[in-house]
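# Structural overview for review
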Amino acid sequence: MSEMWVNMGPQHPMTHGLWNLRVLLDGELIRDVDPEVGYLHRGIEKISEDRHYNEVITLMDRCCYVAGLTWEHLYIIASEDALHLEPPERALYLRVMCDEFQRIASHLMWYAAFVQDIGLMTPFLYGMRDRDLILDLFQSFTGARMTYEYLRVGGVRNDLPPGFTDHTRKVLDWLTARFVDYDKLCLGSDIFHKRCDNLGVLKAADCVAHGVTGPMLRSAGLRRDLRKDRPYAVYNQLDFEVALADSADVTGRYVVRMEEMRQAVRILRQVVDWLDHHPGPVMAEQVPRWLGAPYAPVGKEGYLLKRNYPKGVGFSSVEEPHGEAQAYVVNEGGEHPYRVKFRSPVFANISAARQYLVGYRIADIPPIMGSVDVCVGEVDR
Amino acid sequence: MTAPTAQLARPKESAPPSGSLELGTELPMVGEAAVPFLEIETLRAKEFIPAAKEALGSLIAEQGHAKVIRPVFNWAGRNSLFPLHWGLACCAIEFAAAFGARWDAERFGVVPRSSPRQCDVMIVNGTVTWKVAHKLITLYEQMPEPKWVIAMGNCATGGGPFRTAYSVVPGVDKLVPVDVYIAGCPPRPEAMLDGILELEKLIRERKE
Amino acid sequence: MQPDDLTGVLAPKLGVRLKGVEPFPGTAGRVRFEREAALDLFRAVRDDLGFRHLSMVGGIDWVDHREVFYVLWSDDAKQYLVLSTDVPADDPRVETASSVWPSANWHEREAWELVGIVFDHHPDLRHLLTPDGYEFRPLLRSFKLHEPEELEVKARHV
């Protein structure tokens, strides 16, 4: 048989973003793949070098647009390391709350897109409907639906509005009930199993060798979750389980993400209870006003730029909805970071595409790549 | 529990086709009352076709071909805008949310299509980089005439927060002609729908 | 795992090519090494210390020289490890890590195109994020960003 290269992308319903999957086909069989990324390379690492520390947060939201707050958190931990700052406890709980809500929102977005890929149309509406409830909550305390700029170096921007926690509990109850529906729609469907079982298998050893992290890794049965292994913020004070599956295929990734959403609800209930009983400051005291403030004081615009930070390097790592994200912030004493380097989990997950696509059929590509949950913003940065 | 009985508007069966329809050059937009063209639609086909033929024929003879066909064409076009289904960046998520349960953009006749050959509006929903620039132009050229471009969000309008970056096109109007700009980073789904309604107004006034 | 433990394992294998192990926030430590020792160090770190997962490879331009750093993770120790080596700016070469950790492949392609570090024996060193034929190294300090209008004005005067 003659083989041929086929381009799937950059504009293709499978890609969910702007990237190109070059596939070497032998009939319908996939012989080789070559993912081509960079269509959304916006030079975030370079622009950061020209920006004040707080101004980089703006870029973080847009870096991974389905999990903006988690990426803010990632960058904030690294820059607090580099600047030697300590945020108050309430701010840490608020950050965990943001992280977990963002995890649910991101997984719902994935659910909406992925289930549509395998041919079920209604769950798209369900996923977007429930995601909007979470975005409403975000909007009530950050003012935005997607790009929040809520976390600050040394704390968070503002406290929660009154009545927030009660409303949150209602949303959590609603979500808990909906997760049952989702599973009925998918795991209860024979079509789903015929489409997804034993597809895109990537065993744990291959995952580790190729840098694959997140739900893809946990679906292969390896218990690695930075929230447990290397707790940041206040995750060591919260009670939750690591979602696991052992099938290492598309169904396994679905099961892991669903379980992660349930565990996120469990974490959120604890966090919301804690927030109810522990009022306090949300910005560290040793943080000067000009660093916490979103703008310079009137008449002191130059004041903001004259400040010098102590030298240092910050390294942070958080369990993002897609996997393990890392930031490496080098501070050379100026008002801007000297170098910022981010590690995107999806970048590594896509780079291993050859391992989980070769040998399957071309019609299997949409479910497999859907189960990877590609967010091009963070791949290309 | 019984389902609520639907009180749907029935077609007016008794009204005979009048023969001289009030088909002006200005057709009202959806939402406005007393749309003559919509009333024709509710007739049965065997009554409608001769009536419409006669009405259009007399109008064309009276006012000229272009003056009559154009409004009908614009009316049909603006109420079935098919945008290109692609996601560039952050705005694509809000673009998707607009087709979700809460906003339901399809009620405006907006249905995303995956093939540029079936589209008449390209919504540039995100940052355009130089790497994707020629592909964007190819997609635009593949779309059949008449076609429109909506620049959704600050990045497509002028580069947004990335305007200084080495890889970003500072505004998609450097590459293709843009008809409507939507501000916001990203614009809310309401803003996107508003942009589509703005485009409908532009199409309504289209002359050639 | 502490920096001293790392030195105890690595020093006999590398000798003087190991420049030292220093504490690094949030990790087991930072191993500084001569670039000639790269492959020996990678194998020792993976096989003897159990760091089987390579998280990222990055480059930093310090103007007079460039730094290449590697971040690794061990599932047994539940710790990160940073490796770092300095390469001269006029000959920024280092041995590839992709033969030891396949995940280094894309990270090294990115470091090559953005910071200009050449990875010897890399199986597939071509452009990843920037278009083919892009000649600049944007993450070097000498590469300055401009407002688009500024560039237009400059182009008009040329």
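Just so we're clear, the structure is a prediction, and the values are computed from it rather than from any experiment. (Residues numbered from 1 in each chain as written. Chains lettered and ligands numbered in written order. Predicted model: local features only at pLDDT ≥ 70, side-chain atom pairs only at ≥ 80, totals over all residues. Heavy atoms only, no water.)

## Some points on the sheet that holds strand β1 (residues 121–124) of chain B
Across a sheet, paired strands are connected by hydrogen bonds in the backbone, their directions being either parallel or antiparallel. Residue and element names in this part refer to chain B. The sheet built from three strands is open, its strands ordered β1-β2-β3 with parallel pairing. Of all strands in the sheet, those with a lone pairing partner are β1 and β3 (180–182), marking the two edges. Strand-to-strand twist in this sheet, taken as the mean axis angle between neighbours without regard to direction, amounts to 15°. Of the strand pairs in this sheet, β1 and strand β2 (residues 148–152) are connected by four bridges, and their pairing is parallel. Paired with V124 across the strands is A151, a residue of β2. Lying over the sheet, helix α7 (residues 189–204) contacts β1, β2 and β3, oriented at roughly 165° with respect to β3. (Pairing = 2+ DSSP bridges. Helix = DSSP H or I, 4+ residues; strand = E, 2+ residues; numbered from the N terminus. Axes fitted to C-alpha atoms, helices over the stretch in contact; angles between N-to-C directions. Contact = heavy atoms within 4.5 Å.)

## A word on the interface of chain C and chain B
If you look at the interface, chain C gives 14 residues, while chain B gives seven residues. Taking both partners together, chain C and chain B bury about 820 Å²; carbon and sulfur atoms supply 59% of that area. Between chain C and chain B we count zero salt bridges in total. If you look at where chain C meets chain B, you find one residue pair in polar contact (both at pLDDT 80 or more). Here the side of chain C that touches chain B takes three residues from helix α4 (residues 148–157) of chain C, the largest share from any one element. Here the side of chain C that touches chain B is built from residues that sort into nine nonpolar, two polar and three charged. (Buried area = accessible area lost by both parts, 1.4 Å probe. Salt bridge = Lys/Arg side-chain N within 4 Å of Asp/Glu carboxyl O. Polar contact = N/O pair within 3.5 Å; in protein donor to acceptor, adjacent residues only side chain to side chain. Nonpolar A, V, L, I, M, F, W, Y, C, P; charged D, E, K, R; others polar.)

## Section: the sheet that holds strand β1 (residues 18–22) of chain C
Residues and elements named next belong to chain C. Spatially, β1-β2-β5-β4-β3 is the arrangement adopted by the five strands of the open sheet, whose pairing is mixed. Two strands lie at the open edges of the sheet, namely β1 and β3 (53–61), each paired on one side alone. The sheet shows a mean angle of 20° between the axes of neighbouring strands, direction not considered. Sheet topology note: the β3/strand β4 (residues 65–74) ladder contains eight bridges and is antiparallel. Bridge pairing in β4 places D61 opposite R66. Across the sheet, helix α3 (residues 104–115) is in contact with β3 and β4; its angle to β3 comes to roughly 5°.

## Section: the interface of chain A and chain C
Each partner contributes residues to the interface: chain A has 41 residues there, and chain C has 42 residues. Here chain A and chain C share an interface that buries about 3600 Å² over both sides, 60% of which is from carbon and sulfur atoms. Among the residues of chain A in contact with chain C, K46, Y328 and Y338 of chain A are the three that bury the most area, contributing 19% of the side total. Remark: the boundary between chain A and chain C carries six salt bridges. D34 of chain A serves as the salt-bridge partner of R126 of chain C, at 3.2 Å between the closest nitrogen and oxygen. Joining chain A to chain C, the criterion identifies 19 residue pairs in polar contact (both at pLDDT 80 or more). Partitioned by chemical class, the residues of the side of chain A that touches chain C number 16 nonpolar, eight polar and 17 charged.

## Things to note about the pairing of strand β2 (residues 30–33) of chain C
Residues and elements named next belong to chain C. Here β2 shows a buried face lined by R30 and R32 and a second buried face lined by V31 and F33. Judged from the four bridges that link them, β1 and β2 form a sheet pairing that is antiparallel. From the neighbouring strand, G20 faces β2, where its bridge partner is R32. Note: β2 against strand β5 (residues 79–88), three bridges, orientation parallel. What sits directly across from R30, in β5, is V82. (Buried < 20%, exposed > 50% of the residue type's maximum accessible area, 1.4 Å probe, protein only.)

## Side note on the packing of helix α11 (residues 250–277) of chain A against helix α16 (residues 365–372) of chain A
Residues and elements named next belong to chain A. The geometry of α11 relative to α16 is characterised by a closest axis approach of 9 Å and an angle of 30° between their N-to-C directions. By the angle between their directions, the pair α11 and α16 is classed as roughly parallel. Every pair of crossing elements has a handedness; the one defined by α11 and α16 is left-handed. Across from V250, R253 and R257 in α11, the residues of α16 making contact are P367, I368, S371 and V372. Within the contact of α11 with α16, the residues separate by chemical class into four nonpolar, one polar and two charged. (Parallel < 35°, antiparallel > 145°, perpendicular 65-115°, else oblique. Left-handed = near helix turned anticlockwise from the far one by under 90°.)

## Describing the pattern of salt bridges
Taken as a whole and judged by the stated rule, the model has 47 salt bridges over all chains. Measuring nitrogen to oxygen at the nearest pair gives 3.6 Å for the salt bridge that ties K78 of chain C to D229 of chain A. Of the two residues, K78 of chain C is situated in the loop between β4 and β5 and D229 of chain A in helix α10 (residues 226–229); the pairing between them involves two chains. For D229 of chain A, a relative accessible area of 17% gives the class buried. We note a salt bridge from R46 of chain C to D47 of chain C, for which the minimum N-O separation is 3.0 Å. On the basis of relative accessibility, which here comes to 27%, the residue R46 of chain C falls in the partly exposed class. Look at the salt bridges and you will find they share partners, linking R22 and D34 of chain A together with R109, D124 and R126 of chain C into a network.

## Considering the packing of aromatic side chains
Under the counting rule described, the total for this entry stands at 29 aromatic pairs over all chains. Measuring from centroid to centroid gives 5.6 Å for Y166 of chain B and F143 of chain C, while their planes differ by 90°, and the two rings are edge-to-face. Taken as a pair, Y166 of chain B in the loop between α6 (153–158) and β3 and F143 of chain C in the loop between β7 (118–120) and α4 lie in two separate chains rather than in one. By the burial criterion, Y166 of chain B is buried, and F143 of chain C matches it. Pairing F33 of chain C with F42 of chain C gives two aromatic rings, centres 6.2 Å apart and planes at 75°, and the pair type is edge-to-face. By the burial criterion, F33 of chain C is buried, and F42 of chain C matches it. Put simply, the rings of W110, Y111, F114, F179, Y182, F192 and Y254 of chain A pair up and form one aromatic cluster. (Phe/Tyr/Trp six-rings, centres within 6.5 Å; stacked < 30°, edge-to-face > 60°.)

## What about unusual backbone geometry?
Most peptide bonds take the trans configuration, and most residues that are not glycine carry a negative phi. Note that the residue after E145 of chain B, namely P146 of chain B, is joined by a cis bond; omega there is -5°. With an omega of -10°, the peptide bond running from C185 of chain B to P186 of chain B counts as cis. Inspection of the secondary structure assignment puts P186 of chain B in the loop between β3 and α7. We note that D373 of chain A has phi near 65°; this positive angle belongs to a residue other than glycine. Residue position: D373 of chain A is located in the loop between α16 and α17 (376–380). Taking relative accessible area as the criterion, D373 of chain A reaches 9% and is therefore assigned buried. A positive phi angle is found at H121 of chain C, which is not glycine, with a value near 60°. Along the chain, H121 of chain C falls in the loop between β7 and α4.

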